[in-house]
Amino acid sequence: MAEPVKGRSVFNAHTTPFLPYDLEGPVQPEMSWLPVSFDRESGQGCYLMRMEARAVTIAHDHPGMEEFLILEGDLVDSDGSVFGPGDFVSYEAGTRHHSHTVTGCLIAVFEWRRPPAAA
């Protein structure tokens, strides 16, 4: 058997325990998350987020880019747009929104900041 690749982490979205979700402030019991590479101090990285049926996110601002891929279920954004499996959504820094789900969902979230423009 080959030696595992150094620096590689593997998370299974169906068997790895998720944590209580608290990135927008208070713990939201109908939501959970699995930090993959997310760093709370910088607010950057990747995580998986699970929302139970009828869960609603707290309205929030994006200091950097927020992008997510819907893996399972549905997500309805504050403007009524409905996203489903395979939809990749990208929010620019400075945007504000909230979302909810009817049936529940699993999404992969990527938060990052663009490098400053060269002078």
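Description of the structure in this document. (Residues numbered from 1 in each chain as written. Predicted model: local features only at pLDDT ≥ 70, side-chain atom pairs only at ≥ 80, totals over all residues. Heavy atoms only, no water.)

1. Remarks on the sheet that holds strand S3 (residues 45-51)
Part 1 of the argument: If you walk across this open sheet you meet the six strands as S1-S2-S3-S11-S5-S8, and the pairing is antiparallel. The open sheet has two free edges, formed respectively by strand S1 (19-21) and strand S8 (88-91), since each of these has just one partner strand. Averaged over all pairs of adjacent strands, the angle between their axes in this sheet comes to 30°, without regard to strand direction.
Part 2 of the argument: Of the pairings in the sheet, the one linking S3 to strand S11 (residues 105-112) comprises seven bridges and is antiparallel in character. Pairing of Cys46 across the sheet is with Phe110, part of S11. (Pairing = 2+ DSSP bridges. Helix = DSSP H or I, 4+ residues; strand = E, 2+ residues; numbered from the N terminus. Axes fitted to C-alpha atoms, helices over the stretch in contact; angles between N-to-C directions.)

2. Concerning the sheet that holds strand S6 (residues 75-77)
Part 1 of the argument: Read from one edge of the open sheet, three strands run S7-S6-S10, paired in antiparallel fashion. In this open sheet, the two edge strands, each paired with only one partner strand, are strand S7 (82-83) and strand S10 (99-100).
Part 2 of the argument: Strand direction decides the pairing type here: S6 and S7, joined by two bridges, are antiparallel. Along S7, the bridge assignment pairs Leu75 with Phe83.

3. So, the state of the cysteines
Part 1 of the argument: A full pass over the atoms with the stated rule returns zero disulfides.
Part 2 of the argument: The structure places no disulfide on Cys105, whose sulfur is separated from the nearest cysteine sulfur, that of Cys46, by 15 Å. (Disulfide = S-S within 2.5 Å.)

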